[in-house]
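Analysis of the macromolecular model
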Amino acid sequence: MNKWQKVFERADGKAKLTISERNDGLYCFGVEEEYIRPDDDGTTYTIWVPESGSGLYQTANEAEAAARAEVLWMATAKSN
């Protein structure tokens, strides 16, 4: 379980990037995208699917800088 998190959301709300502090004090980020799936009864449900992850960083600022450099939509992302 991660101790600290900062979440950024893509402008359309269909993807999010989470920067987390791990229990060992290092930081990482992961990207998830929203998918809408049909259910057997004809309804739909939403799931968040991991799309990519990062290496490890000494600080949250380093992780965020790497995320901004690697993930195109981070230029317009809003955080929590």
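Each remark here, short or long, concerns the structure printed above.
Residues numbered from 1 in each chain as written. Predicted model: local features only at pLDDT ≥ 70, side-chain atom pairs only at ≥ 80, totals over all residues. Heavy atoms only, no water.

Attention now moves to the pairing of strand β2 (residues 15-21). Taken across its 7 residues, β2 has 6 buried, putting it largely inside the fold. Sheet topology note: the strand β1 (residues 4-9)/β2 ladder contains 6 bridges and is antiparallel. Counterpart to Q5 in the pairing with β2 is S20. Between β1 and β2, which pair antiparallel and follow one another directly, the connecting turn spans 5 residues, one of which, G13, has a positive phi of 75°. Of the pairings in the sheet, the one linking β2 to strand β3 (residues 27-38) comprises 7 bridges and is antiparallel in character. When the sheet's bridge partners are listed, I19 is paired in β3 with F29. The turn linking β2 back onto β3 is made up of 5 residues, and G25 within it adopts a positive phi angle of 90°. (Buried < 20%, exposed > 50% of the residue type's maximum accessible area, 1.4 Å probe, protein only. Helix = DSSP H or I, 4+ residues; strand = E, 2+ residues; numbered from the N terminus. Pairing = 2+ DSSP bridges.)

Okay, the environment of K78 next. Position of K78 among the secondary structure elements: in strand β5 (residues 78-79). You can call K78 exposed: its relative accessible area is 66%. Remark: the alpha-carbon pair of K78 and G13, spanning 65 residues in sequence, is separated by 9.9 Å. Discounting residues that sit within four places of it in the chain, K78 has contacts with V7, F8 and E9. (Contact = heavy atoms within 4.5 Å.)

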